[in-house]
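Listed here are the chains, written in short residue letters.
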Amino acid sequence: MATRRELKEAIGQRYRAAGSWERRQILDEFTRVTGYHRKHALRVLHRPLVARPPRAGKRIYNEAVHQALVMLWEAADRICGKRLRALLPVLIESMERHGHLRLDPA
């Protein structure tokens, strides 16, 4: 990705300054090198590259909750989050009843 980003910067400046015939040649070269579809390459080359700041990842759960979720996810045979969410109340009740899981009320 870093190489593609550098290529976008270098060729993008040249592309925006070129005439119509040169743009066609630059676009053909860019699509061959990157493997992008022609329409996507047009969009990439027309706009200047603006680096976005990385999103700060904040933790939603503490370590105890994380460990309990991993245990429940493993017990549910690693199903997707959408299905795990629906299954959690039944799974927590069953695992606590059989002594496999002990959770604080908080």
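Residues numbered from 1 in each chain as written. Predicted model: local features only at pLDDT ≥ 70, side-chain atom pairs only at ≥ 80, totals over all residues. Heavy atoms only, no water.

Looking at the packing of aromatic side chains
Piece 1. Using the criterion set out here, one finds one aromatic pair in the structure.
Piece 2. Between Phe-30 and Tyr-36, the ring centres sit 5.8 Å apart and the planes meet at 65°, which makes this aromatic pair edge-to-face. The same class applies to Phe-30 and to Tyr-36, which are both buried.
Piece 3. Of note, Arg-23 hangs over the ring of Tyr-15, and the distance from its end group to the ring centre comes to 4.9 Å. (Phe/Tyr/Trp six-rings, centres within 6.5 Å; stacked < 30°, edge-to-face > 60°. Buried < 20%, exposed > 50% of the residue type's maximum accessible area, 1.4 Å probe, protein only. Lys NZ or Arg CZ within 6 Å of the ring centre and 35° of its normal.)

Concerning the side chain of Thr-31
Piece 1. Residue position: Thr-31 is located in helix 2 (residues 20-34).
Piece 2. Assessed through its relative accessible area of 16%, Thr-31 is described here as buried.
Piece 3. A polar side-chain atom of Thr-31 sits 2.9 Å from the main-chain carbonyl oxygen of Asp-28.
Piece 4. If we skip the residues at most four places from it in the chain, Thr-31 touches Tyr-36, His-37, Arg-38 and Ala-41. (Helix = DSSP H or I, 4+ residues; strand = E, 2+ residues; numbered from the N terminus. Polar contact = N/O pair within 3.5 Å; in protein donor to acceptor, adjacent residues only side chain to side chain. Contact = heavy atoms within 4.5 Å.)

As for the packing of helix 1 (residues 2-17) against helix 2
Piece 1. Close contact between helix 1 and helix 2 brings their axes to 10 Å; oriented N to C, the two are set at 170°. As the angle between them shows, helix 1 and helix 2 are arranged roughly antiparallel. Contacts from Arg-4, Leu-7, Lys-8, Ile-11, Arg-14, Tyr-15 and Arg-16 in helix 1 reach Arg-23, Ile-26, Leu-27, Glu-29, Phe-30, Val-33 and Thr-34 in helix 2.
Piece 2. For the contact of helix 1 with helix 2, the per-class residue count stands at seven nonpolar, one polar and six charged. (Axes fitted to C-alpha atoms, helices over the stretch in contact; angles between N-to-C directions. Parallel < 35°, antiparallel > 145°, perpendicular 65-115°, else oblique. Nonpolar A, V, L, I, M, F, W, Y, C, P; charged D, E, K, R; others polar.)

Examining helix 5 (residues 81-97)
Piece 1. Given a rise of 1.5 Å per residue, 17 residues ought to cover 24 Å, and the 23 Å separating the end C-alpha atoms of helix 5 matches this to within 8%.
Piece 2. The sharpest bend along helix 5 reaches about 50° and sits at Leu-87, with the proline Pro-89 one to four residues further on.
Piece 3. Residues Leu-84, Leu-88, Leu-91 and Met-95 constitute the buried set of helix 5.
Piece 4. Buried residues along helix 5 sit in contact with helix 4 (63-75).
Piece 5. Just downstream of helix 5, Gly-99 is the residue with a positive phi angle, here 80°. (Expected span 1.5 Å × (residues − 1). Bend = angle between axes of the 7 residues up to and from the residue.)

Here we look at the side chain of Thr-34
Piece 1. Mapped onto the elements, Thr-34 comes out in helix 2.
Piece 2. Of note is the side chain of Thr-34, whose polar atom sits 2.7 Å from the backbone oxygen of Phe-30.
Piece 3. Within polar-contact distance, the side chain of Thr-34 engages the backbone nitrogen of Tyr-36 at 3.3 Å.
Piece 4. In contact with Thr-34, not counting residues within four places along its chain, are Arg-4 and Leu-7.

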